[in-house]
Amino acid sequence: MKILLPVDGSECSLRAVDHLITHVSWFRDVPEIHLLHVHAPIPIGRVQAHIGKETLHAYYLEEGQEHLTAAQQKLDAAGRFHTTHMHVGQPAEVIAKVASELGCDLITMGSHGWSGVVGLVMGSVASRVLHLAPCPVLLVK
């Protein structure tokens, strides 16, 4: 069983981590956990005129690690081995692509729970993942 666990550092995504840790007994075998952070891309055009690719790459790594640290600590404290992935792109599309590439059986992720007009205006990464994912998606509020 391969589980993709996308996190963005929010309380909502950390609740998904806690949920997975708490309910790992649902699975017959110990799941292979893939922790993922997707950084939205910075418009390259004008930025690269002032900074180099290496600086931009270092920025993505530093920011990504900040968003992953709390989830990594929770998984480590629970004794749950995991593999960490960091990508840059549109979050929902990257989550679906990584799940497909890794052959994941499940995506477990937080949902901010927006509804009504806010949900329509802001959109939802979770909602988009539901439409794009190649496997079942478990949303945790």
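Placed above this text is the structure.
This one's a predicted model, so the numbers in the text were calculated from it and none came from an experiment.

1. Section: the overall build of the protein
For step 1, the next point in the chain: Of the regular secondary structure elements, the protein holds 6 helices and 5 strands.
For step 2, the next point in the chain: For the protein, the exposed area adds up to about 8,200 Å²; of that, 56% sits on carbon and sulfur atoms.

2. Focus: the sheet that holds strand β2 (residues 32-39)
For step 1, the next point in the chain: Spatially, β3-β2-β1-β4-β5 is the arrangement adopted by the 5 strands of the open sheet, whose pairing is parallel. Two strands in the sheet have a free side with no partner beyond their single neighbour: β3 (82-88) and β5 (137-140). Sheet twist, expressed as the mean angle between neighbouring strand axes with direction ignored, is 20°.
For step 2, the next point in the chain: By the bridge criterion, 2 bridges tie strand β1 (residues 2-6) to strand β4 (residues 106-110) in an arrangement that is parallel. Counted as the bridge partner of Ile3 is Leu106 from β4.

3. Comments concerning the state of the cysteines
What is meant by a disulfide is a covalent connection between two cysteines, made through their sulfur atoms.
For step 1, the next point in the chain: A full pass over the atoms with the stated rule returns 0 disulfides.
For step 2, the next point in the chain: Here Cys135 stays unpaired: no disulfide links it, and the sulfur of Cys104, its closest cysteine neighbor, is 6.1 Å away.
For step 3, the next point in the chain: On the basis of relative accessible area, Cys135 is assigned to the buried category, the value being 12%.

4. Some thoughts on the packing of aromatic side chains
For step 1, the next point in the chain: This model, assessed by the stated rule, comprises 1 aromatic pair.
For step 2, the next point in the chain: For the ring pair Tyr59 and Tyr60, a centre distance of 5.9 Å and an interplane angle of 50° mean the geometry is tilted.
For step 3, the next point in the chain: With a relative accessible area of 34%, Tyr59 lands in the partly exposed category.

5. With respect to the packing of helix α1 (residues 11-22) against helix α3 (residues 53-77)
For step 1, the next point in the chain: With their axes 10 Å apart at the nearest point, α1 and α3 run at an angle of 15° to one another. When the axes of α1 and α3 are compared, the pair comes out roughly parallel. Considering the relative orientation of α1 and α3, their crossing is right-handed. Only Ala70, Ala71, Lys74 and Leu75 of α3 make contact with α1, whose side of the interface consists of Leu14, Val17, Asp18 and Ile21.

6. Describing the pattern of salt bridges
For step 1, the next point in the chain: One pass over the structure, following the stated rule, counts 3 salt bridges.
For step 2, the next point in the chain: As a salt-bridge pair, Arg128 and Glu93 come within 2.9 Å of each other at their nearest N and O atoms. Placement of the pair is Arg128 in helix α6 (residues 125-132) and Glu93 in helix α4 (residues 91-102), with a sequence separation of 35 residues.
For step 3, the next point in the chain: Residue classification places Arg128 among the partly exposed positions, given a relative accessible area of 40%.
For step 4, the next point in the chain: For Glu101, the salt bridge goes to Lys97, with nearest N and O atoms at 3.7 Å. Here Lys97 and Glu101 lie together in helix α4, a separation of 4 residues that amounts to about one turn.

About the cut-offs
- Residues numbered from 1 in each chain as written.
- Predicted model: local features only at pLDDT ≥ 70, side-chain atom pairs only at ≥ 80, totals over all residues.
- Heavy atoms only, no water.
- Helix = DSSP H or I, 4+ residues; strand = E, 2+ residues; numbered from the N terminus.
- Areas by Shrake-Rupley, 256 points an atom, 1.4 Å probe, with all protein chains shown as cover.
- Pairing = 2+ DSSP bridges.
- Axes fitted to C-alpha atoms, helices over the stretch in contact; angles between N-to-C directions.
- Disulfide = S-S within 2.5 Å.
- Buried < 20%, exposed > 50% of the residue type's maximum accessible area, 1.4 Å probe, protein only.
- Phe/Tyr/Trp six-rings, centres within 6.5 Å; stacked < 30°, edge-to-face > 60°.
- Parallel < 35°, antiparallel > 145°, perpendicular 65-115°, else oblique.
- Left-handed = near helix turned anticlockwise from the far one by under 90°.
- Contact = heavy atoms within 4.5 Å.
- Salt bridge = Lys/Arg side-chain N within 4 Å of Asp/Glu carboxyl O.

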